[in-house]
Structures are given as structure tokens and as C-alpha cells.
4 protein chains.
Amino acid sequence: MNTFGNLFRLTTFGESHGLGIGGVVDGVPAGLDFDLDFIQSELDRRRPGQSALTTPRRESDRVEILSGVFEGKTTGCPIGFLVRNENQHSSDYDNLRQLFRPSHADFTYFKKYGVRDHRGGGRSSARETISRCVGGAIAKLALRQLGISVTAYTSQVGPIAIGRPYTELDLSLVETNAVRCPDPEVAEAMAALIKSVKAEGDTIGGIITCVVRGCPVGLGEPAFGKLHADLGAAMLSINAVKGFDYGMGFEGVGQRGSEQNDYFTTDATGAITVATNRSGGIQGGISNGADIYFRVAFKPVATLLREQPTVDINGNPTVVKARGRHDACVLPRAVPVVEAMAAMTVLDHYLIALGSGHCIPVKS
Amino acid sequence: MNTFGNLFRLTTFGESHGLGIGGVVDGVPAGLDFDLDFIQSELDRRRPGQSALTTPRRESDRVEILSGVFEGKTTGCPIGFLVRNENQHSSDYDNLRQLFRPSHADFTYFKKYGVRDHRGGGRSSARETISRCVGGAIAKLALRQLGISVTAYTSQVGPIAIGRPYTELDLSLVETNAVRCPDPEVAEAMAALIKSVKAEGDTIGGIITCVVRGCPVGLGEPAFGKLHADLGAAMLSINAVKGFDYGMGFEGVGQRGSEQNDYFTTDATGAITVATNRSGGIQGGISNGADIYFRVAFKPVATLLREQPTVDINGNPTVVKARGRHDACVLPRAVPVVEAMAAMTVLDHYLIALGSGHCIPVKS
Amino acid sequence: MNTFGNLFRLTTFGESHGLGIGGVVDGVPAGLDFDLDFIQSELDRRRPGQSALTTPRRESDRVEILSGVFEGKTTGCPIGFLVRNENQHSSDYDNLRQLFRPSHADFTYFKKYGVRDHRGGGRSSARETISRCVGGAIAKLALRQLGISVTAYTSQVGPIAIGRPYTELDLSLVETNAVRCPDPEVAEAMAALIKSVKAEGDTIGGIITCVVRGCPVGLGEPAFGKLHADLGAAMLSINAVKGFDYGMGFEGVGQRGSEQNDYFTTDATGAITVATNRSGGIQGGISNGADIYFRVAFKPVATLLREQPTVDINGNPTVVKARGRHDACVLPRAVPVVEAMAAMTVLDHYLIALGSGHCIPVKS
Amino acid sequence: MNTFGNLFRLTTFGESHGLGIGGVVDGVPAGLDFDLDFIQSELDRRRPGQSALTTPRRESDRVEILSGVFEGKTTGCPIGFLVRNENQHSSDYDNLRQLFRPSHADFTYFKKYGVRDHRGGGRSSARETISRCVGGAIAKLALRQLGISVTAYTSQVGPIAIGRPYTELDLSLVETNAVRCPDPEVAEAMAALIKSVKAEGDTIGGIITCVVRGCPVGLGEPAFGKLHADLGAAMLSINAVKGFDYGMGFEGVGQRGSEQNDYFTTDATGAITVATNRSGGIQGGISNGADIYFRVAFKPVATLLREQPTVDINGNPTVVKARGRHDACVLPRAVPVVEAMAAMTVLDHYLIALGSGHCIPVKS
């Protein structure tokens, strides 16, 4: 249950205030150029303390690669990795030992396991997503060679939305601002909102949009292994995610079939393709060669820097106010996590498609 | 890839115009009273031809149980089942052999497999959901004994939405109308819309809402096996589904944490519970004992009874107009499918929680 | 737990005296010529009543293919199949309802499940191997195109052993006698022993040897997915199997490394190969291109046509004497089952190797 | 493929001369007393340099636990662990970069992956079994609370065998000698043989026997998840293992059913049990409450301290002679590895049995 994927697999471990966060990436194709700088740079994108918008915790989060690489190439053997925890203020959490924070996993973990590492959320902390970024970065190394790119961005914060589809945006601008929004003006408004919410000790949710380009036709399995079902599960496994849709998604339910259907045509090379892409690049659970795009809904962070009522572990009323250093909006730092989960899902399905053996030579 | 679940598992087979649809349900707890009438009644809920709103195809869809039951009890051994196809009009589909229907799986299957059963969509047909209803009905037999209920209903058709949360509805009314909408007035409006769309040879999408009641605290796994991630994957694996959210979902992204957090309190018995349930019954991926509720977005059916442009398998422009008998709106018949997938997911997680061994006696 | 394999998967159901035995074969490569006659012929090899050596039960065991094949080709979709039971003498087993047969699964099933289909062993009956033969035959269709063959034979019955390695035998003779032993003289002695044991109402064990030829280098995974580990698990899952070894196996433990090591050399084409094959075609868990060979130990059948002491389900002493029609030695009919399990395992690993993506183009 | 188990799962990484060996143990029941000293002591049993019989490499092999434990208790979250490599003489292996050692995995890894860490065998090194000992030790912590014990011992080295069943041995003597043989006289002869073989630069194989006591009735699944099939796969995944049998195994194939059947009787408490235990504690793939015992065949180590012919990676003839420090017989150090794999397999099946839900309350 701490393993993600089928042929490309990430297994993770680690708690917020334990010794570290790490994991094992298995099923990595052999012979890939292993680009450690790139992997670290992906980790840096989710690191706290990048800007005034994010938590001021300063963790260097350096990844150590423990196996699976030899003389700069992946060997096909599992890649173990470890990111040591540091700069922990466990005492910030002493008051949480005996109570349950609202809308956190404190209560459910305690009831499920009977024992709980209360420090910083323990296993339920978003620090767990460090492992996902490492796994995703390794997946991206393979996707890069296959010509497949994965790009996510913040498309909505609270009520402030870009309001245009990704096709009308310049996605090269995503990393030019702290919000990771490709529309600079909207980004400024989002940043202002986050700062204002933060000043109130409150938090705010939003939506991340993700686009996968260059995906060949044929990824995804009928019935239960549909490509979008696995993308959905991947996104919904990220902390604070409450929803997923792709193509026209929830917004398309009011449409008629005659409005939403994508007609087939041929492109300049004569290849069959869709004239429009309302389907989001997937039909019958299988990629059709068009861009795959989807949305991920994030709730506002549950940790508030203001007093909230709750009960202690004996059920007695009490109040809780977070100490410590927390994000008022997770979206900017969640953008690389969304990309990581998408990259691993797509690569996994690429390998599954290879393993279907439909390339076995048949008698003619 | 045609298997769903971990400890409770459904493996399915079958095409729309082949000999039949069937599967194997594995991991069924032994000793359950096997209620064949109930299973057949669940199948009947998805059967075509139930009302003027659905396709006039008349298939009896009788399920034959082949194994795993002895003297009225489940034996713990796999339950094989088969629903023979009948009343097929394969010739209705002859014109589809050489072309790709817009927004169908024809193109992606053909490119992925190199071979395709074009009749009625083959494996990509929604007839495949017959197997899900059988698996779900068997799961419900176990959930019933555990005091867990699963109820879905049509909450939106096109732009017509109920507009109230499930807590303000009488869910016992769901089966009283052909749309499966618990608000009789809204149901009438929905039915009128579906008929009007159908008359135009067009189709319409919508939203199904599902509620799981009686789920104990502790179902769901941290990290990748979160209960809502598995529910999401289950829903997204259903034909025509484009989105999933739970709790406040997409609608909650505009809220502040202070508005959305669920504070803990105690109930009349002194047990700890949430004062509100914006989280949708799941926190940190684990059920918290409150109702679980989620929404599933369905696109309009791709099959239109009017001409649409497309290309043939050689890329030459052509047109396609569906013959045969088709639904203008899948939601009424998809309600039992949503319930079935939810029931299997919840039971699977119930068994996983048992298998976690957290009940192993520890030294005191 | 009733599913075998990873990318090529067989899921089975069915009891000895239920409606039938069947299953689902998933992960079958698309585009294979589907040879139903071959599949039926493989089933016929395990059918009872083939010769005077086997049980006189006469079941036709006709397989019905329910899906996954279109116009003579596999479609890549799951293949459902069913073999109806017939000619059951369930009343032969009435006396078993209240007691536990020695060395059968009656006791363990009853204690595990609390409910038991006592007729003919229920799920624990060797009739379950029908499904394996169907799955194995489909695997062989794919292996045939890959130039990989799987051949098993009876190498020992009781104390009567061939005493020569497979390399000194003409395996084309396997099907020329009822014992399925490629040495005609030894076969006669084995047959005589089986008849004599049968006349005493007793049973006898033996060894089946299996050879896989044409397997390319590179099948099998390091650590836990070693090719021989999966072959071993496959064989040990067959009813009555008590042991598995490959290469020099148990007989080689007395040797020195200098006696058992296989030195590398080059063949006539200059390709690197082993000079000897004591390793059994697998090194480090991965096929090395040489023949894979292994042995499977079968215990004597537990069902005796003579009185044996036992207890009833309340623990009271009683005696049991089998009625019905039973094999005195399962090996002749187990030969195709061993082949089937080997074929599925090898094809599964072939697909896993494809899915490893080691063929992904790397930057040079 | 680097993951072992279903509900209790070990995922491993690491090469002989990389930074370290480690892994993730997932599915550990929450609330276990975590005994780090015990885990380290299990690791110490496989450590090189314990006696004159084993390789003189001196590695301290200290395990660092990175997660999943809080205030001395397991939390139900994954346990990450790492054993740093040290005392590596990688230059001992420089000569192996361009050639393939006989009966090693050098050739198969090279052909499978196209890239190979030649130092000390890389991933195929028996150092990988460190991870298994850690996982096994954690499993033993749980089994201990369940009253289940796992004990292995060296029962044969080369031709020198104990010649008596485990029931006639005092297994408390296993750890009293360097060979881990419970018969002190036989142990001396084995030790003398190993020394003599070592002096010749040669190696020798043998057999390890393992006994599981206290296993409740009901572990193991019908069809493909038989308890002995999973034990067999577990053992065959250990480096140098060539065979597995249980109960009477290969030695029983010459027997009649009337000789090998275990009759049922009642014990002093009136509970139903077997009068004899030729079945090895498992019937129909499910534990019957009697001791489980099995044998594991090890080939002689392939690394010889003498010249052997081979070819280089271009196929040119050459010779290889191991430098470095190597075992002449792996069995003494493999005893804890056999126990570890058995412990994980049994605990996994214990959890699977819990997860079968056969304890779900049924209507009466």
C-alpha cells in the first residue's frame, strides 16, 4: 500500500520528523543517462522556503542515491534513495500528542493503528511527497527520451482562475513566478490572495491543471486499467486532493454529445487524428495521440495559524492553534508533485503497453 | 488489467456481441448467505429496456452462478458467473467495420491491438458493466452483514441539478422514478430533458452522487492506497466517466480552511466524531466514521442517432450515423454500476484492514 | 489467490461437482491465430479415461471459448472459457460429508472456511487443473510463434526411474505410451507397476521432468522474481506436488563447484554459450539461452480403494474407503499440467522482459 | 520484482559494492514491540567473518532503521532501513569487468540489461540477502507474539548428511557450532569437509532443513497461493538454491499411498490432528496445525579460488581465478536467510487469512 505502479514502481517510507524520507524505484529501464542534477532540481521545486508565499522552513532536502546506477547509467536494478530530515522543530508539535487537529489524519491514524507519531503529521505529512518527486524525476528521464513531456501549473487559487484553456497559455512561463501560474497577471492576483489569506492565519485551496504532450497512441488498458483511472488514482493519492477530472470533465456534463464529440480527421501527414480534443487525449481508456489534460482540486490546507475548537484523545473539548511554519496554499509546491505522479503513471503504462506483447511477430 | 481489487477481486471478460459477459469474483468471505434473487435484481437495475428513457433493447440478462456456492452459502472459493448475450443485432454494426466512430474507442483499440471486434463496441461496450453489477451485488451481501450501505442517485442531467446535498434528500425515493433521482420534481424535469434530447437524436451528460453509510473508522491506507483514491479509480474505470470528487470537491477549492475544516466533537454516546462533514467521511485517506459521499461526472454518450463526420480506417472522410438502439443518457442505468464499484472498493478495504493484523495481540 | 501470473494471467474457478470449471486468461497478446483444436487436444491429454492406467471416468471436457477471439484472432481482450461438468456421481461422496479423508484437504478446508463442498474434493479436486491446461494451451500458441517449446514426461514411477538425462532420450516418444515416458521399455515397467498397485487398491508417486527449449537469454528477474522461483511456485501449486528442483538440483548438492560450474565458450556461430548445462539454463535467476530443465515430485494419490482409519468432523474414530473412480498414479495425466504451468510462466516472463523497457532508445 | 510478499511486503535495493543494501518493509502490524537488538542479532548470524569456516571479510553490517517506529512500537507505517557497505575491495574485481565468471549471473545480467555493475556481482551478490534478514527479523517479532517459531539448520554438506529427521534432533544446538548443524558429531565432520574443500580452492553444496512450529490451521490458499508453493518460491529466490521439497518430498515418490497417508486422530485435548506428519504440516495447500518442515538444496558456490576457463565479453577464451574473500560453503550463513524467508512467508499468509474475512459475522 506504500507502493505505486505496476511495472514502474515507487515504494516509499518516512515520516515528517523521523530520520528521513526515502524509497525504492523499481522497474527503471536500464541504460538511461542518470541525471542527478535534474532529480535534485525537481526536488528543489517542492522544497519549502522557495519564496515568500511558502512556508519559511528551510530544508535543503538533498537526495542521496544508494543503488541502481553504475558509471552514470541506470542498471535496471532498483534505485534506493534517501533524503535526511533536518531542521525539525518537533517541540512545535508537543501540544498535538493528546489531541486531534481538525480535518487532519490524526484521528483516523490513531483509531486505525492505535499508535501515532504525532510530530508534524508523521506519515501523513506532505513531506512524504519528496519520494514522489524523486520517483517522478526518474520517470521523466525515461519520458524525455521518448519525447513525452509533463507540465503542470496552478490554474486557480480560491476564486481566482485563469479562465482560459492551456492551449491559449505559454506554459514556458510556469516557473517564472512563485505561484507557478503561466499567466503573469493572474499569478500576481493569486499571490496577493495567498499573502492576504496567510496574514489572516487562514488557508486557501485551488486547482492545478496538467498537460501531457507527446504520448503515443495506445497507452491504457480496457476495463479497470484505463489510463485516466490510473491518473486519477495517482492524483487523488496526493495530500489535500479532493477531485480529478480530464477533458471536459465536470464542466462538460451539461453538454450534448453533438457538442462534445471529437470528430476524426487527418493531419498534414495524412495520419488519423482528432479534429478537436474535448476528450482530453484518451478514448475508451486508451491514449489517442492528442494532448492529455486534466485538473486536480486541492482543498485549503487544514493547518491554521489561529485557534480552532476540537477534542483531545479522551473526547474532552479543547482548542488547537498551529505553531510552526506552514503553507497558506499548497498549490505552488504541489505543481511538481502532480507532474511527478503523472510522469510515473504514463511511464508505467508505456511499459505495460510494451509488455502486452502485441509486437510479438505473428504468422502472416 | 481486467481484474479489480486486492483481497476482494473481480476479473471480467466478454464483448457486446460475443457469447456472453462474465467473470470471477475471488476473495468472497466464506459463510455468507448467497442471495441469488438479490444479485439478479441488481442486474435488472442496469438492464436496458426498463423505461421509455432507456434503450428499447430487451435483454433478459440472466446471471448463471457457476461455482463458489454450496447449499446456499459462499464457500470462500471463487465465484464464476456468466450472462449469455442474446437479442444482438450485429448487422446494425456492419457499417462500423471500416470506420471510427467519433469519441468512441474504435480508433484507440484498433491502433493498440491491430485487431478489433467492431460489433457494438466489442470489449469497450458498456455491456461490460454487467460483470461489475454482479461483483458489486456479491460485495453488498457482505456489506449488508456489516451494516454498511451504498446508495447512488442521479443528481444532475445536463444543466438540471438537484441543488441540495444528499442530507436534505429522501434517498428511499431513488428507485421511484426512471431517472433514479430522489427529488420527484427534478426527476420529472430530467426525464423531460432526456426525452427531448433523444428526440433530436442527441445525447446528454450528468452527475451521479453516491453515499456510503455505516463505514467504520479505519478503512483506507496511507500514501497510495487512500480510500478515496481507490474509489476514484473505481469510478473513473466506468465507461463515459470524466471526473470524480468527494467531500466539498471542486466546489470547495474557493473556500478558506476556516470554512472547510471539520471540527471534532463527541456524539450522544461520548464517541469522538466530526461536527460537520465537509471532508466527505475520509481524512488522510482513511474513513473517519462519517458518511462517505462523492460525485461522478458522466459525459454525454458518444453514439448519436444523427450523422457525424469522421474518417474510415484509411483516413478517407466519411460520415457515420448510428443504427440500433441506444441510450440518450446513461445516468439512470449507471446508478447501479456506481454503487457496485463503490461496494467492491469498500469491502476490499474492509478486508485489507482486517489483513493489516493490527488486531494481533501485543504484549502489554 | 486464484490468479496466476503477472502480465499473462490465469484466473480460475470451479469445483469438481459444481456446474463447471472455467476461468479467464488475461494479457494474451493480440493477433495470435487462435487454434481451438489445439487447445481441446491439450485438454484431452489430461482427460480421464484415456487408457487402462487412468480412472475410467469418462468426461468429454469440451471447452467453450466465451470471449477475446474475433474472426480467428486473439483481440488482446480477456479470454473467458468454461468446461461444463458432467458424468458426476456425487452420491459416491455422500459418506464424506461427515468425515475427513486422510491426507486430503477436507480437514484444512473445513477449518479454514467453516463450510465445505465435500463432493469430489470440491475446489481442491484435481479437476481444477482443467483451467490450467486451457491457459497453458493458449500460452503455447504464443510460445510456438516465438520458437519456444515445452515438453514434459514421466521420468519416475515409484522406484522405477529412467536413469538417463533428457538429452539422451527421444522426447518425440512421450505420447506413444499411456505413461508418457519417452523410454518405451521403462514405460512398460511403469505401466505394470501402476496396474499392480491399482489392483491392490493402493497408489504410487513419481517424478515428472520438464524441458523448455528455445528460451531466449534474459527471462527472469533478479531477487524475488527469479525464473526458477516462479517455475517452482507454478509446479508446487499443482495438486500432489511435493518438490521441485532444476539443473543438478538435489542430486548436485554433493558436488564440488569445480564439478558443477558451467564454463562459457562460443558456439559455431561465435555466440557465447555454456559448454555444459548443469545450471539448468538459468543463472542468477535469468535464462541463459540453454535448455531449461527441472523435476517435479508427486506424492502417491491420497485416495485409496481400501479402508483407512480417520475421524469424523466431531473427532470420533471411523473408517473411510473411497468409492468412485480414481487414478492409482496421477503422473500420466499430470504431464500436460506441468507443461501448461511451465508455458504460462515462461510466456509471462517473456512479456515482463518486454515490459522492462530495456529496449527504450537511449541517447548515444 | 524486487518486492516479496502480498500483505507483508519486503522491497529491497542495493549492490555489493554500491553505497549500501536496504529496503522497505511494508504491512508490518502496528503496535509491535520493536526489538532492534534482535534484528541486529539476526543480521549478525549471516555476517561474514563469524568463524574460520566463512569468508574472512569483516563487515559490521549495522542496520539503521529510518521510519515506521515511534517510541519503541511499530506504527503500521513502512519501515525503511539501510545497511551501509564498507570494507569493499572493489579492485579485487577489476579483472571481471571484461569477462563472465562461470555459473555466475555476469553473462545473463549483461545480456539482459546491456550494462552491468561487475564489482562483487553487483545486484546478484548474496549481500542482497541482508535485506531479507532484516525483513525476516521483523516478521519474527510478529510471529513470536503469535507463538510461531521458525528454525533452520544445516542438514547436509556435500555427501555428509545428518540422516535423521528433525524430530529426533535437539534444535537448541543449532547455534552451538559454526556449521549450524544440531548434531555435534556430524557438525564436526561437515566443518572438516568445508575446511578441506576450501584448502583446495574449491566449494561444496548441501541442504538446509527448516521447521515451522506453532502455525495455526488455515494458512495458505487453494489453487495458486498454496502455502508450500509460496514457501518454495521464497526459498528458490535465495542465491544458489536449486531445489525445494516439503514433507516426504522427493524421497516419498517411491512410496505407496498407504505408506504416506496421514490418518486423522484426536489429541489429548480432543482436538483433531494427524497421527503422523508425512505431509509436512500442509494439506491441500493449507496448514493443518502440525509442524511444517521442508528442505532447501544449495549448489556449491560458483566462485573458486582456482583457475577456470571462460570467455571475455567478446567471446575470446580466457581464464578467471577469483581474488578476494569467499565462502567455500554458503550453508552456515544461509541458515538465517532461509529462516527469514520462511518467517516472512508465514506471516504474510497469516495476514492473508485474517484478510479473508471468514470471521465476518454471519446471520444465524
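Calculation criteria
- Residues numbered from 1 in each chain as written.
- Chains lettered and ligands numbered in written order.
- Predicted model: local features only at pLDDT ≥ 70, side-chain atom pairs only at ≥ 80, totals over all residues.
- Heavy atoms only, no water.
- Phe/Tyr/Trp six-rings, centres within 6.5 Å; stacked < 30°, edge-to-face > 60°.
- Lys NZ or Arg CZ within 6 Å of the ring centre and 35° of its normal.
- Helix = DSSP H or I, 4+ residues; strand = E, 2+ residues; numbered from the N terminus.
- Buried < 20%, exposed > 50% of the residue type's maximum accessible area, 1.4 Å probe, protein only.
- Polar contact = N/O pair within 3.5 Å; in protein donor to acceptor, adjacent residues only side chain to side chain.
- Contact = heavy atoms within 4.5 Å.
- Axes fitted to C-alpha atoms, helices over the stretch in contact; angles between N-to-C directions.
- Parallel < 35°, antiparallel > 145°, perpendicular 65-115°, else oblique.
- Left-handed = near helix turned anticlockwise from the far one by under 90°.
- Nonpolar A, V, L, I, M, F, W, Y, C, P; charged D, E, K, R; others polar.
- Buried area = accessible area lost by both parts, 1.4 Å probe.
- Salt bridge = Lys/Arg side-chain N within 4 Å of Asp/Glu carboxyl O.
- Pairing = 2+ DSSP bridges.
- Core = buried A, V, L, I, M, F, W, Y, C linked by side-chain atoms within 4.5 Å.
- Least-squares fit on C-alpha atoms with pLDDT ≥ 70 in both.

Novice: For this particular structure, what's the right way to read the packing of aromatic side chains?
Specialist: For any pair of aromatic rings, the description consists of the separation of the ring centres together with the inter-plane angle of the planes. Considering all chains together, one arrives at 34 aromatic pairs over all chains under this definition. Clustering of aromatic rings is evident, with ring pairs tying together F100, F107 and F110 of chain A together with F264 of chain B. The lysine or arginine in question, K112 of chain A, covers the ring of Y113 of chain A, its NZ or CZ lying 5.8 Å from the ring centre.

Novice: What should I look at first to understand the side chain of D61 of chain B in this one?
Specialist: Residues and elements named next belong to chain B. By the secondary structure assignment, D61 is in the loop between α1 (36–46) and β4 (63–65). Classification of D61 as buried rests on a relative accessible area of 1%. Reaching out from D61, the side chain makes a polar contact with the side chain of R127 at a distance of 3.0 Å. Apart from residues no more than four positions distant in its own chain, D61 is found in contact with Q40, L43, R46, R47, P48, V83, E86, R127 and I130.

Novice: Any chance you could explain the packing of helix α5 (residues 227–236) of chain C against helix α5 (residues 227–236) of chain D here in plain terms?
Specialist: Working note: a packed helix pair is described by the angle between its axes plus the distance between those axes. At their nearest, the axes of α5 of chain C and α5 of chain D sit 8 Å apart, and the two run at 160° to each other. Judged by the inter-axis angle, α5 of chain C sits roughly antiparallel to α5 of chain D. Note on packing geometry: the crossing formed by α5 of chain C with α5 of chain D is right-handed. For the pair α5 of chain C and α5 of chain D, contact is made by H228, A229, G232, A233 and L236 of chain C and by H228, A229, G232, A233 and L236 of chain D, respectively. Residues of the contact of α5 of chain C with α5 of chain D, tallied by class, amount to six nonpolar, four polar and no charged.

Novice: Is there a simple way to explain the interface of chain B and chain A in this structure?
Specialist: The accessible area lost on association of the parts is a frequent measure of interface size. Taken together, the contact between chain B and chain A spans 99 residues of the former and 100 residues of the latter. For chain B, the biggest contributors to the area lost against chain A are M1, F224 and K242 of chain B; these three give 12% of the whole. Viewed at the interface, chain A and chain B are joined by four salt bridges. A salt bridge links R256 of chain A to E200 of chain B; its shortest N-O distance comes to 3.1 Å. Between the two partners, chain B and chain A, sit 35 residue pairs in polar contact (both at pLDDT 80 or more). For the side of chain B that touches chain A, the class distribution of residues is 42 nonpolar, 39 polar and 18 charged. In the sheet, strand β11 (residues 241–246) of chain A pairs with strand β11 (residues 241–246) of chain B via three bridges, with the strands oriented antiparallel. Paired with F244 of chain A across the two strands is F244 of chain B, which belongs to β11 of chain B.

Novice: What exactly am I supposed to notice about the interface of chain D and chain A here?
Specialist: Every contact between the two is made by 39 residues of chain D and, on the other side, 39 residues of chain A. Counting the surface chain D buries against chain A, the share from its top three residues, F13, L66 and F70 of chain D, is 19%. At the junction of chain D and chain A, the tally comes to four salt bridges. Here E64 of chain D and R84 of chain A are joined by a salt bridge, their closest N and O atoms 2.9 Å apart. Where chain D meets chain A, there are ten residue pairs in polar contact (both at pLDDT 80 or more). Of all elements in the fold, only β2 (9–14), β3 (20–26), β4 (63–65), β6 (73–74), β7 (79–84) and α2 (106–113) of chain D reach the threshold of two or more residues within the side of chain D that touches chain A. No other element matches the five residues that β2 of chain D contributes to the side of chain D that touches chain A. Grouping the amino acids of the side of chain D that touches chain A by side-chain chemistry returns 14 nonpolar, 13 polar and twelve charged.

Novice: Help me out: how do you make sense of the nonpolar core in this one?
Specialist: Most often, soluble globular proteins keep nonpolar side chains buried together rather than apart. Within the largest apolar cluster, 356 residues are counted, with the highest numbers of intra-cluster contacts made by F294 of chain A, F294 of chain B, F294 of chain C together with F294 of chain D. Excluding residues within four positions of it along the chain, F294 of chain C makes contact with I208, T209, C210, L231, M235, F244, D245, Y246, V338 and A342 of chain C.

Novice: Which parts of the structure should I look at to understand the relation of the copies chain B and chain A?
Specialist: You can overlay chain B on chain A at an RMSD of 0.0 Å; the transform is a turn of 180° with a shift of 0.0 Å along its axis. Taken together, the rotation angle and the small translation identify this as a two-fold axis. Comparing interface residues between copies, 100% of those in chain B also lie at the interface in chain A; the contact surface is shared.

Novice: I would appreciate a short explanation of the sheet that holds strand β2 (residues 9–14) of chain A in the present structure.
Specialist: The strands that make up a sheet are held in pairs by hydrogen bonds between backbone atoms, and each pair lies either parallel or antiparallel. All names here are of chain A. The five strands lie next to each other as β1-β2-β3-β7-β4, forming an open sheet whose pairing is antiparallel. Strands at the two margins of the open sheet, each flanked by one partner only, are β1 (3–4) and β4 (63–65). One ladder, built from two bridges, connects β1 with β2; its direction is antiparallel. Paired with T3 across the strands is T11, a residue of β2. Across the face of the sheet, helix α1 (residues 36–46) comes into contact with β4 and β7 (79–84) while running at roughly 145° to β4.

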